[in-house]
Amino acid sequence: MRQSLFIILILLLTLLWCSCRKDFQYDTSSGNLEFSKDTVYLDTVFTNIGSSTYSLKVYNRSNNDIQIPNVRLARGTNSGYRLNVDGEAGKEFENIPLMAKDSLFIFIETTFDISAINENEFLYTDAILFDEGPKQQEVQLVTLIKDAIFLYPSENADGTKETLLLGLDEDGNEIRIEGFLLTDEQLNFTNEKPYVIYGYAGVAEDKTLNITAGSRVHFHKGSGILVGEGASLSINGSLSTDTLLLENEVIFEGDRLEPEFAEVSGQWGTIWLAPGSINNTMNYATIRNATVGLLVEGDFGSVPPKLSVGNSKIYNNLSANILARSTSIAGENMVLGNAGNGSLICTNGGNYSFIHSTIANYWSNGFRSGAALQLSNYDQGEVKDAGGQDLTAGFINCIVDGNTSMELSLNSNESNIFDFSFTNCLIKFNDTNGQLDADPLYDFTNPAYYKNIFLNEDTDFLNTSNNDFRLGNSSSAISKADQATAILVPLDIRGINRTSEPDIGAYEYIAEEQN
């Protein structure tokens with residue numbers, strides 16, 4: 001027994017001695033390191049905004065434990081890049097151990113101020129150097145830095161941020177949101193540089209925010225544009241010749257430029273047309289990756305409509321592409337694509353007119369409970385008897401489609417007017433369980449509501465997952481639009497003539513696009 005205890009004690013002491021050793025022997029690196037890539041491309045970032053973190057893996061393929069004498073950035077401590085080597089942050093490191101047949105991670109980030117360069121875009125490069133002299137190896141670092149105009153709330157003396165007053169709650173307390181009013185000098189956005197907005201950029205009474213063709217507007221998380229009472233928004237994009245660059249379109253999206261953020265919804269807040277805002281117009285715009293693309297509220301009796309919008313695409317927004325409450329909107333050549341709830345939600349009444357628009361929701365980023373098109377004359381967050389507003393809505397030559405069985409939702413409180421019509425529209429509504437058979441709002445044979453309707457027919461969109469709602473060869477929308485209405489909107493969203501045998505929706509079919 002004593003002999004067994006003695007042996008165990010010797011083993012424990014041996015293990016303890018080994019674990020405390022500091023004199024492991026390493027060979028000096030011979031310059032034969034291998035790397036997961038020879039150049040690390042950090043995706044485009046805005047000046048003074050940190051990048052995502054990128055990784056490089058360093059391999060020791062030899063049978064010997066080695067020590068890398070130094071790892072450093074070629075630009076030294078002045079480099080705009082930052083490294084983390086084996087858990088330690090810095091720009092220069094010495095005597096990095098690397099065991100035989102093992103590897104280590106190097107993590108890379110960058111922040112760069114382009115103001116001293118006097119260029120709108122600058123390709124910033126550096127290199128990670130391993131060892132020196134004849135054994136030196138290197139991995140290149142490359143980042144495109146974009147200059148931008150940054151708009152943000154000021155900081156108060158107590159350290160809090162500037163806010164905008166939204167109104168009062170039921171107890172008379174102020175409701176505020178982090179934001180600022182645009183000055184007169186800031187009310188004209190151009191295409192010279194991108195804009196990056198922090199907080200909500202407010203447009204004051206009697207002021208108009210003008211945004212010219214080709215402008216790019218980026219929003220930080222939780223940010224947006226707020227057009228207040230007596231103010232206006234004028235988005236003046238135009239038709240682009242390059243369908244990929246969209247050089248003349250006005251684009252609203254988040255401020256993360258890395259490819260992995262290109263299709264991430266909910267990156268920013270909304271463009272908010274608040275009650276009392278007037279004469280808002282939008283042409284050739286793209287709004288994507290917000291929480292709500294457009295929030296339009298109030299003034300349902302305004303003439304002209306509170307918002308006139310055309311030739312625009314709104315998609316991949318976390319909740320809704322357009323959320324309209326008791327307001328008035330006139331839209332034509334609209335593509336309202338994938339969204340986490342509804343592509344178009346018109347609630348608590350209002351006046352709405354859409355011509356040659358594609359309202360299609362093939363959301364695939366999680367469960368979706370709402371239909372692509374939702375109309376109601378009361379606030380669906382309240383009970384029907386709580387009151388509402390009259391609703392008038394007309395859709396001509398429109399597609400209502402998606403990846404659920406019923407993409408049209410109609411809700412009336414039976415007290416206020418609920419007047420709607422669909423003419424020459426392709427609608428997906430497949431009530432397989434017959435749960436709405438007795439509801440007269442869904443009587444597709446009633447000409448007061450529905451004229452020349454194409455029910456549950458194949459839209460054959462080219463690529464719904466990419467919000468590409470151009471028509472394929474077998475689309476039932478081809479040549480079925482009302483021609484008299486098409487003449488009123490003679491060009492489709494891409495400027496293609498549709499006056500002869502027009503197609504339903506925002507796009508005219510082109511055979512050459514099928515290849």
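All of these numbers come straight from a predicted model, not from anything done at the bench.

Reading the values: rules and limits
- Residues numbered from 1 in each chain as written.
- Predicted model: local features only at pLDDT ≥ 70, side-chain atom pairs only at ≥ 80, totals over all residues.
- Heavy atoms only, no water.
- Helix = DSSP H or I, 4+ residues; strand = E, 2+ residues; numbered from the N terminus.
- Rg over C-alpha atoms; globule rule 2.2 N^0.38 Å.
- Buried < 20%, exposed > 50% of the residue type's maximum accessible area, 1.4 Å probe, protein only.
- Contact = heavy atoms within 4.5 Å.
- Areas by Shrake-Rupley, 256 points an atom, 1.4 Å probe, with all protein chains shown as cover.
- Lys, Arg positive; Asp, Glu negative; His and termini not counted.
- Charge placed at Lys NZ, Arg CZ, Asp CG, Glu CD.
- Core = buried A, V, L, I, M, F, W, Y, C linked by side-chain atoms within 4.5 Å.
- Salt bridge = Lys/Arg side-chain N within 4 Å of Asp/Glu carboxyl O.
- Pairing = 2+ DSSP bridges.
- Phe/Tyr/Trp six-rings, centres within 6.5 Å; stacked < 30°, edge-to-face > 60°.
- Lys NZ or Arg CZ within 6 Å of the ring centre and 35° of its normal.
- Polar contact = N/O pair within 3.5 Å; in protein donor to acceptor, adjacent residues only side chain to side chain.
- pLDDT = per-residue confidence, 0-100.

## Digging into the overall build of the protein chain
Phase 1: Helix and strand content of the protein chain: two helices and 40 strands.
Phase 2: Computed over its C-alpha atoms, the radius of gyration of the protein chain comes to 30 Å, more than 25% above the 24 Å expected for a compact globule of 515 residues.
Phase 3: Projected onto its principal axes, the C-alpha coordinates of the protein chain cover approximately 95 × 60 × 60 Å.
Phase 4: The buried share of the protein chain, reckoned over its 515 residues, is 48%.
Phase 5: Looking at the protein chain alone, contacts between residues at least 24 apart form 65% of all its contacts between residues at least 6 apart.
Phase 6: Total accessible area on the protein chain is roughly 24400 Å²; 49% of this is exposed by carbon and sulfur atoms.
Phase 7: The average position of the 32 basic charges and that of the 68 acidic charges among the side chains of the protein chain differ by 9 Å.

## Structural notes on the nonpolar core
Phase 1: By size, the foremost hydrophobic cluster in this structure holds 64 residues, and its most contacted members are Phe252, Phe395, Phe420, Phe422, Ile427 and Tyr450.
Phase 2: In terms of residue count, the dominant contributor to this core is strand S28 (residues 320-336) (five residues).
Phase 3: Val45, Tyr54, Leu98 and Ile114 belong to the second largest nonpolar core, which has 29 residues in total.

## Observations regarding the pattern of salt bridges
Phase 1: Within the structure shown, the criterion is met by 15 salt bridges.
Phase 2: Among the ionic pairs, Glu174 bridges to Arg176, the shortest N-O distance being 2.9 Å.
Phase 3: Measuring nitrogen to oxygen at the nearest pair gives 3.5 Å for the salt bridge that ties Asp492 to Arg494.
Phase 4: The exposure class of Asp492 is buried, given its relative accessible area of 1%.

## Focus: unusual backbone geometry
Phase 1: Cis geometry marks the peptide bond from Val303 to Pro304, where omega comes out at -5 degrees.
Phase 2: With respect to the helices and strands, the residue Pro304 is situated in the loop between strand S26 (292-297) and strand S27 (307-315).
Phase 3: Although it is not a glycine, His356 sits at a positive phi angle of roughly 45 degrees.
Phase 4: Residue placement: His356 occurs in the loop between strand S29 (342-355) and strand S30 (358-361).
Phase 5: Of note, Asn456 is a non-glycine position whose phi angle comes to about 60 degrees, a positive value.
Phase 6: Within the secondary structure, Asn456 sits in the loop between strand S38 (454-455) and strand S39 (461-463).

## Brief notes about the sheet that holds strand S4 (residues 54-60)
Phase 1: The antiparallel open sheet is built from five strands, whose spatial order is S2-S4-S9-S6-S7. Each of the sheet's edge strands pairs with one partner strand only, and the pair in question is strand S2 (34-35) and strand S7 (88-90).
Phase 2: The pairing of S2 with S4 spans two bridges and is classified as antiparallel. Note on S4: the bridge partner recorded for Glu34 is Tyr59.

## Considering the packing of aromatic side chains
Phase 1: This model, assessed by the stated rule, comprises 21 aromatic pairs.
Phase 2: Measuring from ring centre to ring centre gives 4.5 Å for Phe444 and Tyr450, while their planes differ by 45 degrees; the resulting arrangement is tilted.
Phase 3: Accessibility expressed as a relative area gives 19% for Phe444, which makes it buried.
Phase 4: Through pairs of rings, three or more aromatic residues link up here, namely Phe354, Phe395, Phe418, Phe420, Phe422, Phe429, Tyr442, Phe444, Tyr449 and Tyr450.
Phase 5: The ring centre of Tyr59 lies 4.1 Å from the NZ or CZ of Arg61, which sits over that ring.

## What about the environment of Gly340?
Phase 1: Position of Gly340 among the secondary structure elements: in the loop between S28 and S29.
Phase 2: On the accessibility criterion, Gly340 (14% relative accessible area) is buried.
Phase 3: A sequence separation of 180 residues divides Gly340 from Thr160, and the C-alpha atoms of the two residues are 33 Å apart.
Phase 4: Not counting the four nearest positions on each side in its chain, Gly340 is found in contact with Asn317, Leu318, Ser319, Trp363, Phe367 and Arg368.

## Brief notes about the side chain of Thr459
Phase 1: By the secondary structure assignment, Thr459 is in the loop between S38 and S39.
Phase 2: Within the structure, Thr459 has its side chain in polar contact with the side chain of Asp401 (distance 3.1 Å).
Phase 3: Residues contacting Thr459, with those up to four places away along its chain left out, are Tyr362, Ile399, Asp401, Leu426, Leu471 and Ser475.

## A short note on the pairing of S28
Every other side chain in a regular strand lies on the same face of the sheet, so the side chains alternate between the two faces.
Phase 1: The buried fraction of S28 is high, at 14 of 17 residues.
Phase 2: The sheet contact formed by S26 and S28 spans five bridges and is parallel. From the neighbouring strand, Glu297 faces S28, where its bridge partner is Arg325.
Phase 3: Strand direction decides the pairing type here: S27 and S28, joined by seven bridges, are parallel. Counterpart to Ser308 in the pairing with S28 is Ala330.
Phase 4: Strand direction decides the pairing type here: S28 and S29, joined by eleven bridges, are parallel. Counted as the bridge partner of Ile322 is Leu344 from S29.
Phase 5: For S28 and S30, the ladder comprises two bridges, and the chain directions are parallel. Within S30, the position partnered with Leu336 by the bridge is Ile359.

## Thoughts on the pairing of strand S14 (residues 174-181)
Phase 1: Relative to S14, strand S13 (residues 163-168) runs antiparallel, the two sharing five bridges. Across the sheet, Leu164 pairs through a bridge with Ile177, a residue of S14.
Phase 2: Connecting the antiparallel pair S13 and S14 is a turn made up of five residues, with Gly172 showing a positive phi of about 80 degrees.

## Quick look at the confidence of the model for the protein chain
Phase 1: Here the protein chain averages 92 in pLDDT, while 94% of its residues score no lower than 70.
Phase 2: Within the model, the stretch residues 13-22 combines pLDDT values under 50 with zero contacts to residues more than four positions away or in other chains.

## Some words on the side chain of Ser29
Phase 1: Summarising the element assignment, Ser29 is placed in the loop between strand S1 (27-28) and S2.
Phase 2: Residues in contact with Ser29, not counting those within four places in the same chain, are Ile66, Gln67, Ile68, Pro69, Asp131 and Lys135.

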